Amino acid sequence: MFFVDTLEFEGLGNRSYLVGGPRAAVAVDPPRDVDRVIAAAAKRGVRIAYVAETHVHNDYITGGLELARITGASYLVPAAAHVSFARTPVADGDTVTVDEGLVLRALATPGHTPHHTSYVLEEDGRGAAAFTGGSLLIGTVGRPDLVEPRLTEELARAQHASAHRLADELDDEVPVLPTHGFGSFCSSSQAEGDATTIGRERTANDALTLDVDTFVAEMLAGLDDVPAYYAHMGPANAAGPAPVDLTPPGRADAGEIAARLAAGEWVVDLRSRTAFAEGHVAGSFNFEGDGKLATYLAWLIPWGKPVTLLADTPERIADAQRELARVGIDRPAAAATGDPAAWIREGERLASFPRARFADLAEVRGRGEEVVVLDVRRDSERAAGHVEGAVHVPVHELYGRLDEVPSGTVWVHCAGGMRAAIAASLLDAAGRAVVAVDDGFDAAREAGLTVTRP
């Protein structure tokens, strides 16, 4: 018998896996903070004999090299991947014995990257599970446009062929266990559902139901923007990431917070958008610790800019530090916790701005008041419908385009409230009068606002 433990990383929309038998296991696509994988192995009472990468990742920093060093495991990396460290290169058809009766077989599945490799766990010679990384996902495949624009169509066609190879070689009941597809922007579209099998994908995945030309055309037409920080992930992973340091950052008092803001550094408030709107340090930005912190902070921040974290509790700081380390934002410059009143100097006041719903916006417009409506959703979301007259600047572009937002009070919205809160904090820090619309976009039409298509 074998086991598969799934390690979920909701902030990044990814999964890693620990799979093995009674004595030994292999870790597939491990995270930067390898203590989670080590703890899972200790709970199982198994030795990590192998660490396997499906590809050089573009959306997070791997912990594979460090995990292999700590455990003495063999580090399996696709042979065609260009890396600067010693590893055990694997090519199509290569096998390793994980435990008695358990063999891991490499299966070349190019498409997400040219060197992408899936791994099939075989129990007593039969396929038992497929670890598909960024190849075959739940109802979709990994995006093919993260390596080189000139290769995108070629890789898209390779994705189609790789999906068919997996379906041709594996039985219907074999579970498909991908790394991406649970919110990660490495997915060409977002997955629906939590689990799947080869048989289910045969009937539900466009890569297996459409001809190659139709599949490629539709996939390429639906690709969203690539997070800016992805440009730093691949090179860091190819060079060999340094061990992660999760020791607590130094404590910042009100004077240090003010000095860091004056120096142009980023001060990030991790509290809820409700708490932030009610009172915050002027000039700070709001990235909720419970939201997609790593994705959006890493996407927006000028790379390498020092970050000071503010939160209710030390535990929230520790959670954020761990999540940010997964995308290469290491060692916060400082941190502060507790009452926000202690984060400002004597004589200063906390800043604030109002929150509202789409019904409030409809009421204001109904009175004839002139307001700026700012839509910070992605292009694909806006294409499905937008509030008439709304200015459009996706949240990941807003920091560099603040001067394009028309004068006046800005009512900023997204699809649910989280990104609007980020945008509102950016505008507030720039001295703009802002109202954060904390509401689902479906409520716009229900409130009587005109929703149109481009």
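All residue numbers refer to position in the chain's written sequence, counted from 1. Only residues with pLDDT of at least 70 are given local features in this predicted model, and only at 80 or more are side-chain atom pairs given and counted; all residues enter the totals for whole chains, interfaces and linings. Side-chain numbers here rest on the full set of heavy atoms in the structure, without hydrogens or water.

*Asks:* Explanation requested: the packing of aromatic side chains in the structure shown.
*Replies:* Each aromatic ring pair is summarised here by two numbers: the centre-to-centre distance and the angle between the ring planes. Pairing of aromatic rings covers Phe, Tyr and the six-membered ring of Trp, with a centre-to-centre limit of 6.5 Å; geometry is then stacked below 30 degrees between planes, edge-to-face above 60, and tilted otherwise. Enumeration according to the criterion identifies eleven aromatic pairs in this entry. Here Trp266 and Phe285 contribute two aromatic rings whose centre-to-centre distance is 4.6 Å and whose plane-to-plane angle is 70°, an arrangement assigned as edge-to-face. Here the residue Trp266 occupies a position in strand S13 (residues 266–269), and Phe285 occupies one in strand S14 (residues 285–286), the gap between them amounting to 19 residues. Summarising the burial analysis for this pair, Trp266 and Phe285 share the class buried. Judged by centre distance (6.0 Å) and plane angle (85°), the rings of Phe358 and Phe441 are edge-to-face. Of the two residues, Phe358 sits in helix H12 (residues 358–366) while Phe441 sits in the loop between strand S22 (434–437) and helix H16 (442–446), which places them 83 residues apart along the sequence. Ring pairs connect the aromatic residues Trp266, Phe285, Phe287 and Tyr399, which therefore count as one cluster. Helix numbers and strand numbers start at the N terminus; a helix is a DSSP run of H or I with at least 4 residues, a strand a run of E with at least 2. Burial classes follow relative accessibility: with a 1.4 Å probe on protein chains only, a residue under 20% of its type's maximum area counts as buried, one over 50% as exposed, and anything between as partly exposed.

*Asks:* Would you explain the pairing of strand S18 (residues 372–375) in this entry?
*Replies:* Neither face of S18 is left uncovered, since the one carrying Val372 and Leu374 and the one carrying Val373 and Asp375 both have all their residues buried. Being paired, for any two strands, means DSSP has found at least two bridges between them. Where S18 and strand S21 (residues 410–413) come together, four bridges link them in parallel fashion. If you follow Leu374 over to S21, its bridge partner there is Val412.

*Asks:* Can you help me understand the sheet that holds strand S6 (residues 88–90) in this one?
*Replies:* Strands in a sheet are paired, the pairing made by backbone hydrogen bonds, and the direction either parallel or antiparallel. Spatial strand order, S1-S2-S3-S4-S5-S6: six strands in an open sheet with mixed pairing. Strand pairing shows two members of the sheet lacking a second neighbour, strand S1 (3–9) and S6, which therefore form its edges. For this sheet the average axis-to-axis angle between neighbouring strands, irrespective of direction, equals 25°. The pairing of strand S3 (residues 24–28) with strand S4 (residues 47–52) spans five bridges and is classified as parallel. Looking across to S4, one finds that Ala27 is bridged to Val51. Any pair of residues with heavy atoms lying within 4.5 Å of one another is described as a contacting pair. Every angle, taken between N-to-C directions, lies between 0 and 180 degrees, and every axis is a line fitted to C-alpha atoms, over only the stretch in contact when it is a helix. Relative to the sheet, helix H1 (residues 35–44) contacts S1, strand S2 (14–20), S3 and S4, its axis offset from that of S1 by approximately 150°. Helix-sheet contacts for helix H2 (residues 64–71) involve S3, S4 and strand S5 (74–78), and the interaxial angle to S4 is about 150°.

*Asks:* Can you help me understand unusual backbone geometry in this one?
*Replies:* Peptide bonds are, in most cases, trans, and in most cases residues other than glycine have a negative phi. If you check the backbone angles, Asp29 has positive phi at about 50° while not being a glycine. Following the sequence through the fold, Asp29 ends up in the loop between S3 and H1. Overall, the relative accessible area of 0% leaves Asp29 in the buried class.

*Asks:* Even after reading the chapter, I still don't get the sheet that holds S13, so can you show me in this structure?
*Replies:* Here we have four strands laid out as an open sheet, ordered S14-S13-S15-S16, and parallel in their pairing. Where the open sheet ends on each side, the last strands, each with one partner, are S14 and strand S16 (334–337). For S13 and S14, the ladder comprises two bridges, and the chain directions are parallel. Bridged to Asp269 within S14 is Asn286.

*Asks:* I tried to follow the pattern of salt bridges on my own but got confused; where do I start?
*Replies:* The term salt bridge refers to a side-chain nitrogen of Lys or Arg lying within 4 Å of a carboxyl oxygen of Asp or Glu. Under the counting rule described, the total for this entry stands at 40 salt bridges. Across the salt bridge formed by Arg378 and Glu381, the nearest N and O atoms sit 4.0 Å from each other. A relative accessible area of 18% places Glu381 in the buried class. Its salt-bridge partner being Glu397, residue Arg401 comes within 2.4 Å of it at the nearest N-O pair. The class of Arg401 is partly exposed, set by a relative accessible area of 23%. Several salt bridges converge on common partners, so that one network encompasses Asp92, Arg105, Glu122, Arg165 and Glu169.

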